[in-house]
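Each chain, letter by letter, is given below.
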Amino acid sequence: RKKGNAPSWEPLAVNYFDYAVWTNTDKQKNEWEKQLAYWQENLRGDLPVLQLSAAKRPVVKTNNGERKTYEIPGNLFKGIEVLCTAKRVTLNQGLIACLNLLFYKYTGNTDIITGTLTSGRQRSELENIAGLLINTVVLRTEVDPAAGFGDFLLNQQTVVENAFLHQDIPFAYLAEKLNRQRDISRSAIFDIMIIFNDERGYQQDALPEGFEVISYDKRPTSQLDIIFSFTVNNEGLSLYTEYNTDIYTEALIDRFVMHFEQLLAKCIEQPSVPLSAFSIVSEAEAQLVLDGFNKTVQAYETGITLTDLFRRRVSDMPDFPVVTFRNKVLTFRDIDVQSDLLAKYLVKKYCLQKEDIAAVSIKRSEWLPVVLLAVMKAGCAYLPVDPSNPRERIDYILQNSGSKVLVDAAELDRYAAVNPEDLQSVELPAAIDENNLAYVIYTSGSTGLPKGCMLEHKGVVNRIQWMWEKYNYSSIDSILQKTTFAFDVSVWEIFMPLCWGCRMVICDDDDVYAADRIAQLIENNKVTCLHFVPGLLNAFMDAVFEMPDLAKKLQSLNKVITSGEALPAATVDRWYSKMTAPVFNLYGPTEASVDVTYFDTKPGLQVIPIGKPVANTKMYVLDSFLNPVPVGITGDIYIGGVQLARGYLNNPELTSRKFIENPFMHGGRLYHTGDTGRWLEDGDIEYTGRNDNQVKIRGYRIETGEVEFQLLQLDGISGAVVMAADIAGTGKSLVAYVTGASTMSEICIKQELRKKLPDYMVPSFIVKMDAFPQNTNGKTDRKLLPMPGAGEDTAEQEFAELENET
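Cut-offs and rules
Residues numbered from 1 in each chain as written. Predicted model: local features only at pLDDT ≥ 70, side-chain atom pairs only at ≥ 80, totals over all residues. Heavy atoms only, no water. Helix = DSSP H or I, 4+ residues; strand = E, 2+ residues; numbered from the N terminus. Buried < 20%, exposed > 50% of the residue type's maximum accessible area, 1.4 Å probe, protein only. Contact = heavy atoms within 4.5 Å. Areas by Shrake-Rupley, 256 points an atom, 1.4 Å probe, with all protein chains shown as cover. Lys, Arg positive; Asp, Glu negative; His and termini not counted. Charge placed at Lys NZ, Arg CZ, Asp CG, Glu CD. Disulfide = S-S within 2.5 Å. Core = buried A, V, L, I, M, F, W, Y, C linked by side-chain atoms within 4.5 Å. Expected span 1.5 Å × (residues − 1). pLDDT = per-residue confidence, 0-100. Phe/Tyr/Trp six-rings, centres within 6.5 Å; stacked < 30°, edge-to-face > 60°. Axes fitted to C-alpha atoms, helices over the stretch in contact; angles between N-to-C directions. Parallel < 35°, antiparallel > 145°, perpendicular 65-115°, else oblique. Nonpolar A, V, L, I, M, F, W, Y, C, P; charged D, E, K, R; others polar. Salt bridge = Lys/Arg side-chain N within 4 Å of Asp/Glu carboxyl O.

**Student:** Explanation requested: the overall build of the protein chain in the structure shown.
**Tutor:** Secondary structure summary: the protein chain contains 21 helices and 31 strands in total. Taken along the three principal axes of its C-alpha coordinates, the protein chain extends 120 × 60 × 50 Å. Out of the 806 residues belonging to the protein chain, those deemed buried represent 55%. Here the analysis covers contacts within the protein chain between residues at least 6 apart in sequence; of these, 71% occur between residues at least 24 apart. Carbon and sulfur atoms provide 50% of the accessible area of the protein chain, an area that totals close to 36700 Å². In the protein chain, which carries 80 positive and 105 negative side-chain charges, the distance between the mean positions of the two groups comes to 1 Å.

Have a look at this one:
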């Protein structure tokens, strides 16, 4: 509109694109720059993403939508209105605060970004002009878990008022000026919008004659992930939702609104209670996730040890050929006699007492089960030490554990020279019970040093008995023992045959990674069951499926067990495309007697969960304040039940931090796994990742902090960051980023690391950098670290001299 006879133009409304009109006068220009500066400051740094759904987001954002309207109960409407009035905040601000609190409960995000609309009619002369003048503004809200809802309301009021004070900057212009790299799968800046309409007092007959308000029932679409639109009228409060059907389902939106109403009631009743204490789980949901999904009580033989069970098998089936290695076969009687003599030798020579720790470091052979049983018969816990580990790591484990003896090849040679008659009179320690230690396994530690997990007999007995019964094992089964005994999967591979009575076929160390020799071993020994880490299963299929003659050698298999890392659905489908033997996916940390959940796979699944809890085990998915989270919401995975480890050897501080009192069961304990997951509708748990920097590579659990610690010990390296990455052509691999290593080659760095770390912990890629990218908090921004192969080559191409014939 022309302003009188003046040459300048006065804007009637802010158009998204014709924003240049605002710069006609200095006053307007200053106001424009002031508002723009506000938004640039408010939206600086890393912008948080609200991930409320577990669904895989389309690569390119879609607008496929649906809508649904809900009536908020009158008591909740009146209650929140009274609370807002008491706090002198608007109903709009109160509803936004409650939704943001719900977002925090769903995601754990304390930094939340949503959007809302302004009318664009803040000037009186625009009030009666027809047309769409609305603008979008951003609401960035900080959630303080220690604050009460009443205080949070006041904070939300400030956020909303500040946004409305700076509403004149068109959203499209703001998104352009922020100059951020766009994610084409998402909307700009935020994915969720909250709208409020107050229609109280509106009268249809107040319109000019001939006018009426009608709704246009368009085809359902959704501009954003979700739009929550509240409307207050003379009948009450309603909530209209519009959601993207490629990300959300109607059931999920229904559950979301149900949780919103539950949270609204708690906010009204207890506005001073810390937000962290609010639970969105109803009593019925709590009953389901705490008890309904954990109905795992199952009778198992108590008061018994692995050695007791072994002796029972010796009595029942003394001549059963339980162990095969190469061309050697040992019966139960053979192993019993040999393990008795070796136990007496160890007790006599090293004065072993009950619960002493005896380290074992031998190559895989028929002597492995003999030695482990001998240690247990001596009343001790065995400590597996992989002889291929670096000397420095072995020395640390031996020293830290206080091991009384190291049973290695040299010790077995000394034992072989002893006259068996000299050992007959030696008395073994008093019988151990189910609460005594069975073994201690060292795993990667976040401090840079490995830690020893102490496992008792009762947990292992429960775990293996469950597996024997669940998968219908019998004496006709033959289990391939190919897992290194320093990895806890070996526990069931070894002790299920020894204690429940089936055959164990021991794989030669040189054959473990040779698919053709494993296939031949399976055929020759009629192997019915074997274990694979998913990554190794893929490698096995790569070799075997390319050669039909090899695949034919696998016909005896009737069970394939996977564990150690996430099992991709594509791996399962590929297996079933050629084979009929079922794949069973198991999950569990070393701290919980091998495995605590199970899932029976089938082809055609989109995701392979880790499944349901095993017998006498309880699984929990909790938020950071130990509140149970609802079905479908990601939280931290905790484990309870009979299989929990005693703790960490000689590390009471870490034990008390990771093994906590069970808030849902008097006298019980929980282990905080550090894994994240969510309950599915049928009671399965879906694994979603780690909440720290621990990773799994080829089934080995690795604390990246340990690798970083060893890198920083090398001369010249001033900084180190280690992370797992999916590298094209290599799968998941460890990548180390280092600074200050200009004089060291990649090969040299790896050679030095191999002196201190086992091979699986040595990064596959070393990336040299001048400095690490940082975020606004001054911390290393891992998302900006370059992938190996991006840009210039990061690795020097050097020739490594051959070391031996192989």
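That covers the picture; the talk isn't over yet.
**Student:** What am I meant to see in the state of the cysteines here?
**Tutor:** By definition, a disulfide is the covalent link that joins the sulfur atoms of two cysteine residues. On inspection of all chains with the given rule, the structure shows 0 disulfides. Here C267 stays free of any disulfide, with the sulfur of C98 as its closest cysteine sulfur at 4.2 Å. The class for C267 is buried, based on a relative accessible area of 0%. The thiol sulfur of C499 is not disulfide-bonded, and the nearest other cysteine sulfur, from C502, lies at 10 Å. Overall, the relative accessible area of 0% leaves C499 in the buried class.

**Student:** Explanation requested: the nonpolar core in the structure shown.
**Tutor:** Soluble globular proteins: nonpolar side chains tend toward being buried together. Among the nonpolar cores identified, the biggest contains 180 residues, and F103, F149, I189, Y473, W492, F495 and L498 are the most heavily contacted of them. With residues up to four places along the chain from it excluded, the contact list for F495 reads L306, L372, L373, M376, Y382, I464 and W500. Residues I518, F532, M541 and A569 belong to the second largest nonpolar core, which totals 32 residues.

**Student:** Would you explain helix 4 (residues 149–165) in this entry?
**Tutor:** Along an α-helix, residues three or four positions apart point the same way, because every turn accommodates 3.6 residues. Under the 1.5 Å per step criterion, the end-to-end length of helix 4 is 24 Å for 17 residues, consistent within 8% with the ideal 24 Å. On its buried face, helix 4 sits against helix 1 (26–42), helix 2 (74–87), helix 3 (91–107), strand 3 (135–142) and helix 6 (250–269).

**Student:** I'm lost on the confidence of the model for the protein chain in this one. Help?
**Tutor:** On average, residues of the protein chain score 90 in pLDDT, and 93% of them are at 70 or above. Ignoring residues within four places in sequence, the model shows residues 9–23, a span with pLDDT below 50, making 33 contacts including any to other chains. Across residues 790–796, confidence stays below pLDDT 50; counting only partners more than four residues off in sequence or on other chains, it has 9 contacts.

**Student:** Please explain unusual backbone geometry as it appears in this structure.
**Tutor:** Note on backbone geometry: most residues besides glycine have negative phi, and most peptide bonds are trans. One non-glycine residue, N472, lies in positive phi territory at about 55°. Relative to the elements of secondary structure, N472 occurs in the loop between helix 13 (457–470) and strand 14 (478–481). Using a relative accessible area of 63% as the deciding quantity, one classes N472 as exposed. Its identity is not glycine, yet K526 carries a phi of approximately 50°, on the positive side. Within the secondary structure layout, K526 lies in the loop between helix 15 (515–525) and strand 16 (529–532). The exposure class of K526 is exposed, given its relative accessible area of 54%.

**Student:** Is there a simple way to explain the packing of aromatic side chains in this structure?
**Tutor:** Each aromatic ring pair is summarised here by two numbers: the centre-to-centre distance and the angle between the ring planes. For the coordinates displayed, the defined rule picks out 25 aromatic pairs. With a centroid separation of 6.4 Å and 55° between ring planes, the pair formed by F149 and F152 is classed as tilted. With F149 and F152 both in helix 4 and 3 residues apart, this pair spans about one turn of that helix. On the basis of relative accessible area, F149 is assigned to the buried category, the value being 0%. Given a relative accessible area of 2%, F152 falls into the buried group.

**Student:** Teacher, can you tell me more about the packing of helix 8 (residues 306–316) against helix 14 (residues 489–501) here?
**Tutor:** In helix packing, the relevant descriptors are the interaxial angle and the interaxial distance, both defined with respect to the helix axes. Viewed as axis vectors pointing N to C, helix 8 and helix 14 meet at an angle of 55°, and their least axial separation amounts to 6 Å. Here helix 8 is positioned oblique relative to helix 14, judged by the angle of their axes. The segment helix 8 lies against helix 14, with L306, L309, F310 and R313 engaging F495, L498, C499, W500 and G501. Classifying every residue of the contact of helix 8 with helix 14 gives 7 nonpolar, 1 polar and 1 charged.

**Student:** Is there a simple way to think about the pattern of salt bridges in this case?
**Tutor:** For side chains of opposite charge, pairing can occur when their charged atoms come near one another. In the structure shown here, the tally under the stated rule is 40 salt bridges. The residue E456 makes a salt bridge to K458 at a minimum N-O spacing of 2.5 Å. The pair formed by E456 and K458 is uniform in burial state, with each residue classed as buried. A salt bridge links D477 to K559; the shortest N-O distance between them is 3.1 Å. Here K559 lies in strand 17 (residues 559–562) and D477 lies in the loop between helix 13 and strand 14, a separation of 82 residues in the sequence. Overall, K559 belongs to the buried group, its relative accessible area being 6%.

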